[in-house]
Amino acid sequence: MTVDTIENAAKTPDDPQPWAELGLKDDEYARIRDILGRRPTSSELAMYSVMWSEHCSYKSSKVHLRRFGELQQETSVGKLLAGIGENAGVVDVGNGYAVTFKIESHNHPSYVEPYQGAATGVGGIVRDILAMGARPVGVMDSLRFGPLDAPDTQRVLPGVVAGVGGYGNCLGLPNVGGEVVFDPTYARNPLVNALCVGVMRHEQLHLAKASGVGNQVILYGARTGGDGIGGVSVLASETFEDSDGSAGSSRRPSVQVGDPFMEKLLIECTLQLFSEGLIAGIQDLGGAGLSCATSELASAGDGGMHVVLDRVPLRDSTLAPEEILMSESQERMMAVVEPASVERFMEICRTWDVRADVIGEVTPAGRLTVEWRGETVVDVPPRTVAHEGPVYQRPYERPAWQDDLEAASPSSLARPSGGDALRETLIRMAASANLCSRSWVTDQYDRYVLGNTVLAQPDDAGVIRIDEESGLGIAMATDGNGRYTKLDPYSGAQLALAEAYRNVAVTGARPLAVTDCLNFGSPEDPGVMWQFAEAVRGLADGCQQLGMPVTGGNVSLYNQTGDTPILPTPIVGVLGVVDDVRSRIPYGFREPGQIIYLLGATRDEFGGSEWAHVVHGHLGGAPPAVDLDVERELADLLYHACRDGLVTSAHDLSDGGLGQALTESVLRHGMGARVWVPDDLDPFVFLFSESSARAVVSVPHGEEVRFTSLCEGRRFPHARIGVVDDAGVLEVQGQFSIPLDELRRAHESRLAQTFGD
Amino acid sequence: MRIGVVTFPGSLDDGDALRAVRLSAGEAVPLWHGEPDVRDVDAVVLPGGFAYGDYLRCGAIARFAPIMESVIDAARGGMPVLGICNGFQVLCEAHLLPGALVRNDRRKFVCRDQRLRIENARTLWTSSYTAGQEIVVPVKNGEGGYVADEPTLDRLEAERRVVARYAGENPNGSYRDIAGVVNERGNVVGLMPHPEHAVDELTGPSTDGLGFFTSVLESVVGA
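Residues numbered from 1 in each chain as written. Chains lettered and ligands numbered in written order. Predicted model: local features only at pLDDT ≥ 70, side-chain atom pairs only at ≥ 80, totals over all residues. Heavy atoms only, no water.

Observations regarding the overall build of chain A
Phase 1: In terms of helices and strands, chain A carries 27 helices and 27 strands.
Phase 2: Scaling as 2.2 N^0.38, a compact globule of 757 residues should have a C-alpha radius of gyration of about 27 Å, and chain A matches this with 27 Å.
Phase 3: With respect to the principal axes defined by its C-alpha atoms, chain A has extents near 85 × 55 × 45 Å.
Phase 4: Accessible surface for chain A amounts to roughly 25000 Å². Of this, 47% is attributable to carbon and sulfur atoms. (Helix = DSSP H or I, 4+ residues; strand = E, 2+ residues; numbered from the N terminus. Rg over C-alpha atoms; globule rule 2.2 N^0.38 Å. Areas by Shrake-Rupley, 256 points an atom, 1.4 Å probe, with all protein chains shown as cover.)

Below you can see the structure in the form of structure tokens.
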């Protein structure tokens, strides 16, 4: 096998290269030639192709994402310790603690190979958190699938759930929440977004950079194999097969294969390396593998980097240099280490049975050079690979069909009238794909490990204790509603933000910061690009209004089947701080005699609602109105009510409205409730509207006066709508009553019936 | 009273077991799998997790860890040893307990709050309970189905060596609803559910799990 060196490239400027097959456009290839002043070697071409891919370079989304960078870089607690651009954002949560969190997509791999795709999605985001110097303490997963009863969902969903669980459980990270949503547009393009959160002391923060000439570059963790080549770009393996003429390398699957045990060792080993101060710079290897880690570390530092590729330990000795540079083999990290610390570094790795090899060093020149079999195969300015890729101003345009969609108001849909019809609707909704109990999924996730899980699914937010002495903790929620976003991308993104914010607030936490995963169709479709631009604008404006920074996240484009894109799906994760987790509020009625209050104003809002979807298969009109000032008032009210012990349970109202919130609240502890419809509301609207900025709470007997004066003092809408009892029935007075057993059967059996117990 | 908790590579609930010992007023001693012996501890807990990745078979490699020789000797000498979940698997692989743990009958990992009935309250690890008492602790396992041949099961029953049984739904297909067993001498207990996750109302479904740790503290102090 001949190696394409830089000398060879200079001598053979006109050799044809497979840039198009690697996913590069002709002007992009021309630009690489321009940067280098010659044609790239095959190794350089491999690096540029993966790093300039949409996934790594954000070339279509960058111009819009700038809005997030313009937001205030602080929270109500303090300045961000790290923001967008690092592996993950870092938020001060007080008492000297910092929290880092981020959400990322692993959509396409999870369709091709559901178990490994989802598992390595979890593994990748965990390494991002680890690379900041934090101990990962929890994960969440936000999932979207095709119709519940579609045959392919039978293949994809169980594999994805087993993969998320298999990897997270084996790492010992509690899974504390997330979502599962079904819609036909995700049928051949499921969404698997994984969030990880980690905790550190302020002084433990580490940033990704390679500084200090002479410092050693150490690759540690798993050996490099042929898996995941071209995972971030396209069609890579076929191209290499052709270019070197060997049919033997065949097609390699672009999906990576995970080993959570290796990752567990990597976590413990890395945290010990951090604690002994042995790491000058660090980067995880994820998408684009060594190409990404070397070029990003070198760009962020003050020097260049020289790497001897022969020193990379391989699982497959036949790999070519370009394959080694592109491999996305999992469970690998790269550290920059001072020469004097290398021996101790290696010793710690041996303790954990983690393989480590010095593969290069930091050099003075601003070049990234890679050597293979004694010859130079890469010699590039690292910033041109990592940060100076193409940036596109994609055309965008409001789709022509948007007007018709907005005009198709749900007001003409037939509504249930009378107690029997309302009763039947409530049960049907409670059993529907998007509202039924998720326990079939979440029972496969360990939520107890580490012993700090204070709230987990099905609660509105996950709450994790981070300091046993003071009770300081964090709360997290992810939300997204593709139907709302399709009706109005700007409002839809804000509604996702509002819901995640509210879900954090109902636990008694103060929301602080945002991470987002923006899942959309092809950026080459101007209509999709309009959805994207509007959603980013809505999210950025919303964050500004709520005083929260966006600390990082991920964009996933090209989520479509043929010409049909997925519902535009911005997933928003909100992080909050809980002063003392002992005062957290779960949902669910527990004590007979407690009074049920509905907080917030209920309007006749059914555009994009679960009711319209389940009963009429209808999507049209406008989504519920967003008022983030009211959301903030609600959050503030709940914070004070929680602090003063005035509420014993709180539940966010969202998909399915009050009817669904009541269903979940009575079933949690098997308590009944007697509910009455306020005089000014129609029973149907009362039960099923999805107006935002609402919650249902239970107030201990005897605290009603204090609670209502708290609401009145803030002029926040509140209505006494019922009382908790132990009669074993959910009764809506004058309308209907449902025995809890019947409601439970409807709500809890659906997923097990579909996927098998 | 010093209770050691062994950390193997891949152990996950070691921190929870150490916390449970502390909350029961014992002295918690972290032990590393590579150490040659269990030093001066009075009892040992093998925690939950995926020791050595559970490669080959759950517990099959951990059983050969350097420290295990000392654990096995100490167990044969009467030291109280509790294996929780993965630790139970290790004890079976080490032949300190009869039977084996196989893939759940539903072929899925299961994590939920589980009712258990304490069947034998005379072991070193269950004396704080009363026989027949029902408790609630988390169960979480992928390979938690307890199996043994019929004569072994009959013998376990006859000798009152079933320590705890699943009450209500059996989460993993364990034969005769067995959740935990004890050796002949009564000092080595293997338990599939996780009492160390039920030691604080804030983070667990109950505090019912504390009894396993207070039992051994009392029994050793009283000995």
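Some thoughts on the sheet that holds strand β3 (residues 43-46) of chain B
Strand pairing in a sheet takes place through backbone hydrogen bonds and is either antiparallel or parallel in direction.
Residues and elements named next belong to chain B.
Phase 1: Across the sheet, 9 strands lie side by side as β2-β1-β3-β4-β11-β10-β9-β6-β7; this open sheet has mixed pairing. Each edge of the open sheet carries a strand with a single partner, namely β2 (27-32) and β7 (134-141). The mean angle between the axes of side-by-side strands here comes to 25 degrees, regardless of whether they run parallel or antiparallel. (Pairing = 2+ DSSP bridges. Axes fitted to C-alpha atoms, helices over the stretch in contact; angles between N-to-C directions.)

Points about the interface of chain B and chain A
Phase 1: Taken together, the contact between chain B and chain A spans 29 residues of the former and 30 residues of the latter.
Phase 2: When chain B packs against chain A, close to 2400 Å² is buried across both sides, 56% of that on carbon and sulfur atoms.
Phase 3: Remark: the boundary between chain B and chain A carries 4 salt bridges.
Phase 4: B:Lys140 serves as the salt-bridge partner of A:Asp446, at 2.6 Å between the closest nitrogen and oxygen. (Contact = heavy atoms within 4.5 Å. Buried area = accessible area lost by both parts, 1.4 Å probe. Salt bridge = Lys/Arg side-chain N within 4 Å of Asp/Glu carboxyl O.)

Considerations on the confidence of the model for chain A
Regions with low pLDDT should not have their predicted coordinates read in detail.
Phase 1: The share of residues in chain A with pLDDT of 70 or more is 96%, and the mean pLDDT across the chain is 93.
Phase 2: Every residue in residues 234-252 of chain A scores below 50 in pLDDT, and together they form 31 contacts with partners more than four places removed in sequence or on other chains. (pLDDT = per-residue confidence, 0-100.)

Let's talk about helix α2 (residues 26-36) of chain A
Residues and elements named next belong to chain A.
Phase 1: Of the residues making up α2, those classed as buried are Glu28, Tyr29, Ile32 and Leu36. In an axial view of α2, the angular spread of the buried residues amounts to 100 degrees, which keeps them on one side of the axis. Away from its buried face by more than 90 degrees, α2 exposes Asp26 and Asp34.
Phase 2: Downstream of α2 by a residue or two, Gly37 has a phi angle that is positive, lying close to 70 degrees. (Buried < 20%, exposed > 50% of the residue type's maximum accessible area, 1.4 Å probe, protein only. Arc of directions from axis to C-beta.)

Quick notes on the environment of A:Gly552
Residue and element names in this part refer to chain A.
Phase 1: Tracing the backbone through its elements, the reader meets Gly552 in strand β17 (residues 550-556).
Phase 2: Through-space distance from the C-alpha of Gly552 to that of Arg590 is 38 Å; in sequence the pair is 38 residues apart.
Phase 3: Aside from chain neighbours lying at most four places away, what touches Gly552 is Ile84, Val514, Thr515 and Asp516.

Brief notes about the sheet that holds strand β24 (residues 695-699) of chain A
Residues and elements named next belong to chain A.
Phase 1: Across the sheet, 7 strands lie side by side as β22-β24-β21-β25-β23-β26-β27; this open sheet has mixed pairing. In the strand order of this sheet, the two ends are held by β22 (649-652) and β27 (736-739), each with one partner. Direction aside, the axes of adjacent strands within the sheet are offset by 20 degrees on average.
Phase 2: Summarising the sheet, strand β23 (residues 672-675) and strand β26 (residues 729-732) pair through 3 bridges and their orientation is parallel. The residue of β26 that forms the bridge with Ala673 is Leu730.
Phase 3: On top of the sheet, helix α23 (residues 657-669) reaches β21 (595-599), β22, β23, β24, β25 (718-725) and β26; it is set at about 140 degrees to β22, its chief contact.
Phase 4: Packed on one face of the sheet, helix α25 (residues 704-713) meets β21, β24 and β25 and runs near 5 degrees to β21.

Comments concerning the UniProt feature "binding site: ATP" (unreviewed entry) in chain A
Residue and element names in this part refer to chain A.
Phase 1: When the UniProt feature table is mapped to this numbering, "binding site: ATP" (unreviewed entry) covers Tyr58, Lys102, Asp516 and Gly553.
Phase 2: The topology assignment puts Asp516 in strand β16 (residues 510-519).
Phase 3: Excluding anything up to four places from it in sequence, Asp516 contacts Phe68, Ile103, Leu539, Val550, Gly552, Gly553, Asn554 and Ile571.
Phase 4: Within the secondary structure layout, Gly553 lies in strand β17.
Phase 5: Judged by relative accessible area, Gly553 falls into the buried class, the value being 17%. (UniProt positions renumbered as here; feature names shortened; annotations may be inferred.)

Here we look at the packing of aromatic side chains
For any pair of aromatic rings, geometry is given as the distance between the ring centres together with the angle between the planes.
All names here are of chain A.
Phase 1: Under the criterion given, the structure shown has 16 aromatic pairs over all chains.
Phase 2: Ring geometry for Trp19 and Tyr29: centres 5.3 Å apart, planes at 10 degrees, overall stacked. Here the residue Trp19 occupies a position in the loop between α1 (6-11) and α2, and Tyr29 occupies one in helix α2, the gap between them amounting to 10 residues.
Phase 3: Accessibility expressed as a relative area gives 23% for Trp19, which makes it partly exposed.
Phase 4: Measuring from ring centre to ring centre gives 5.2 Å for Phe520 and Phe532, while their planes differ by 85 degrees; the resulting arrangement is edge-to-face. Here Phe532 lies in helix α20 (residues 526-546) and Phe520 lies in the loop between β16 and α20, a separation of 12 residues in the sequence. Grouping residues by exposure puts Phe520 and Phe532 together as buried. (Phe/Tyr/Trp six-rings, centres within 6.5 Å; stacked < 30°, edge-to-face > 60°.)

Structural notes on the pattern of salt bridges
It is possible for side chains bearing opposite charge to pair when their charged atoms get close.
Residue and element names in this part refer to chain B.
Phase 1: Scanning the entire structure with this criterion turns up 59 salt bridges over all chains.
Phase 2: In this structure, Glu119 and Arg117 form a salt bridge, with 3.1 Å as the shortest nitrogen-oxygen distance.
Phase 3: Among the residues examined, Arg117 registers a relative accessible area of 28% and is labelled partly exposed.
Phase 4: Linking Arg176 and Asp154 is a salt bridge whose minimum nitrogen-to-oxygen distance equals 2.8 Å. Placement of the pair is Arg176 in the loop between β9 (162-166) and β10 (178-182) and Asp154 in helix α4 (residues 150-158), with a sequence separation of 22 residues.
Phase 5: In this structure Arg176 comes out as partly exposed when scored by relative accessible area, which is 29%.
Phase 6: Overlapping salt bridges, with partners in common, bring together Arg117, Glu119, Glu150, Asp154, Glu157, Arg165 and Arg176 in one network.

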